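Descriptive analysis of the structure
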Amino acid sequence: MREMILRQLLLLVEPVGFVWLVLLVLTVLLWRKKCRGFAVTTGSLAAVLTLLGGTPLPGRLISALERPYAGVRIDDLPTADAIVMLGGGSSPALHEAAGFRLTRAGDRLVMGVELIRRGKAPVLVLGGAGTRLDGQFRLESEMVRDWITSWNLTSAPVIALDYCRNTREEAQRLRDLAPEHGWRRILLVSSACHMPRAAATFQRHGFEVIPVPCNFVSEFGTKRGGFSLGVPSASGFTLFSIWLHEQVGWHIYRRRGWL
């Protein structure tokens with residue numbers, strides 16, 4: 001109990017918690033001075049911070065996207081023509097050992113390598129975007145491919161797709177290569193919350209998709225549950241931004257006929 005109280009107090013010196021506390025104090029002062037309109041405004045802002053940063057709501061929203069993919073076991077997955085690992089799990093970095101750093105979706109790399117090591121398909125295909133760093137344009141897919149091959153993580157072929165700005169372009173580039181290699185049935189590796197949009201996009205391009213989810217960020221991956229109310233923190237806003245990104249992305253893809 002004492003440790004929990006201490007954690008809550010420490011959150012008050014973090015940016016989100018500090019702003020929340022200031023808003024609460026300001027709301028009380030404005031209400032006492034009968035500035036009721038301003039008090040309602042600041043109180044509403046504090047309530048929004050509480051809802052998104054201090055309750056399980058963001059995690060519950062994410063869990064709705066992840067729920068259909070919870071419990072998928074690697075051993076139970078069938079074999080396929082190719083393993084396709086979507087980009088976003090790493091980004092170029094000047095001072096890291098492999099030349100890139102893992103992002104919050106870095107679990108995709110582990111899952112993709114594990115699948116190819118278990119022989120679930122004869123080839124691993126890597127997607128991703130790129131960026132200019134130290135005067136050179138570096139592709140995420142090529143950096144990850146070079147890391148996999150230099151560490152001898154697999155003897156199977158590892159193919160890096162060209163620059164892809166988004167999931168749709170990854171599906172397009174795979175479709176262009178598919179006739180040459182005979183790819184039709186794919187094991188698609190992506191974050192669980194992104195899988196609904198990713199799977200629908202690749203299916204739209206004619207592939208038989210076997211979802212391989214990873215990077216669970218809701219209670220399906222952490223076993224946390226129940227309701228809690230506390231000082232808002234940035235983690236809730238991170239989860240909410242992920243959920244909002246997927247919702248907006250889904251509607252854009254559907255409106256443009258990409259699903």
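Computed from a prediction, not measured in an experiment: that's the story for all the values here.

Some remarks on the sheet that holds strand S8 (residues 185-191)
Here five strands make up an open sheet; going across it, the order is S7-S4-S1-S8-S9 and the pairing parallel. Looking at which strands have only one partner, the edges of the open sheet turn out to be strand S7 (158-160) and strand S9 (208-214). Looking at each pair of strands side by side, their axes are set apart by 25° on average, direction ignored.

Some points on the side chain of His-194
Structurally, His-194 is set in the loop between S8 and helix H8 (195-204). Residue classification places His-194 among the buried residues on the basis of a relative accessible area of 7%. Setting aside residues no more than four positions away along its own chain, His-194 makes contact with Leu-86, Arg-108, Thr-167 and Glu-246.

Examining a nonpolar patch on the surface
On the surface, a cluster of nonpolar side chains totalling about 440 Å² of accessible area is made up of Met-1, Met-4, Ile-5 and Leu-9. If you trace the backbone, Met-4 turns up in helix H1 (residues 2-11). The class of Met-4 is partly exposed, set by a relative accessible area of 42%.

Quick notes on unusual backbone geometry
Although it is not a glycine, Lys-34 adopts a positive phi angle of roughly 60°. Tracing the sequence through the fold places Lys-34 in the loop between helix H2 (15-32) and helix H3 (36-53). Within the chain, Asn-152 stands out as a residue other than glycine whose phi angle is a positive 55°. With respect to the helices and strands, the residue Asn-152 is situated in the loop between helix H6 (140-150) and S7.

Here's the deal with the nonpolar core
Counting 26 residues, the largest nonpolar core has Ile-83, Leu-115, Leu-124, Trp-147, Ile-148 and Val-189 as its most contacted members. Among the secondary structure elements, those contributing two or more residues to this core are strand S1 (82-85), helix H5 (107-117), strand S4 (124-126), H6, S8 and S9. Those residues in contact with Ile-83 that sit more than four places away from it in its chain are Gly-112, Leu-115, Ile-116, Lys-120, Ala-121, Val-123, Leu-124, Val-125, Leu-187 and Val-189. Core analysis: the second largest hydrophobic core is formed by 20 residues, Leu-161, Leu-174, Ala-178 and Ala-198 among them.

A word on the pairing of S8
With six of seven residues buried, S8 is to be regarded as a mostly interior element. Bridging between S1 and S8 involves four bridges; their strand directions are parallel. Across the sheet, Val-84 pairs through a bridge with Leu-188, a residue of S8. Where S8 and S9 come together, seven bridges link them in parallel fashion. Following the sheet pairing, Val-189 is matched in S9 by Val-212.

Remarks on the packing of aromatic side chains
Inspection of every chain in the model, using the stated rule, returns six aromatic pairs. Judged by centre distance (6.2 Å) and plane angle (50°), the rings of Phe-202 and Phe-207 are tilted. The pair Phe-202 / Phe-207 is uniform in exposure class, with both members buried. Site record: aromatic cluster; members linked through ring pairs are Phe-100, Trp-147 and Trp-151. Sitting over the ring of Trp-31, Arg-36 keeps its end group 4.1 Å from the ring centre.

Some thoughts on the packing of H2 against H3
Viewed as axis vectors pointing N to C, H2 and H3 meet at an angle of 155°, and their least axial separation amounts to 8 Å. Comparing the axis directions of H2 and H3 gives the class roughly antiparallel. Relative to H3, the crossing made by H2 is left-handed. On the side of H2, the interface is formed by Val-16, Val-19, Trp-20, Leu-23, Leu-24, Leu-26, Thr-27, Leu-30 and Trp-31, while H3 contributes Arg-36, Phe-38, Ala-39, Val-40, Thr-42, Gly-43, Leu-45, Ala-46, Leu-49 and Thr-50. Residues that form the contact of H2 with H3 fall into these classes: 14 nonpolar, four polar and one charged.

Brief notes about the pairing of S1
Burial along S1 is two-sided: Ala-82 and Val-84 facing one way and Ile-83 and Met-85 facing the other are all buried. Two strands pair when backbone bridges link them, and S1 and S4 are joined in this way by three bridges, in the parallel orientation. The partner of Val-84 across the bridge, within S4, is Val-125.

Description of the pattern of salt bridges
Tallied over the full model, the rule gives nine salt bridges. A salt bridge links Arg-185 to Glu-208; the nearest nitrogen and oxygen atoms lie 3.2 Å apart. Taken together, the residues span a long stretch of sequence, with Arg-185 in strand S8 and Glu-208 in strand S9 at a distance of 23 residues. In this structure, Glu-246 and Arg-197 form a salt bridge, with 3.2 Å as the shortest nitrogen-oxygen distance.

Basis of the calculations
Residues numbered from 1 in each chain as written. Predicted model: local features only at pLDDT ≥ 70, side-chain atom pairs only at ≥ 80, totals over all residues. Heavy atoms only, no water. Pairing = 2+ DSSP bridges. Helix = DSSP H or I, 4+ residues; strand = E, 2+ residues; numbered from the N terminus. Axes fitted to C-alpha atoms, helices over the stretch in contact; angles between N-to-C directions. Buried < 20%, exposed > 50% of the residue type's maximum accessible area, 1.4 Å probe, protein only. Contact = heavy atoms within 4.5 Å. Patch = residues over 30% accessible without salt bridge, like charges linked within 9 Å, V, L, I, M, F, W, Y side chains within 5 Å. Areas by Shrake-Rupley, 256 points an atom, 1.4 Å probe, with all protein chains shown as cover. Salt bridge = Lys/Arg side-chain N within 4 Å of Asp/Glu carboxyl O. Core = buried A, V, L, I, M, F, W, Y, C linked by side-chain atoms within 4.5 Å. Phe/Tyr/Trp six-rings, centres within 6.5 Å; stacked < 30°, edge-to-face > 60°. Lys NZ or Arg CZ within 6 Å of the ring centre and 35° of its normal. Parallel < 35°, antiparallel > 145°, perpendicular 65-115°, else oblique. Left-handed = near helix turned anticlockwise from the far one by under 90°. Nonpolar A, V, L, I, M, F, W, Y, C, P; charged D, E, K, R; others polar.

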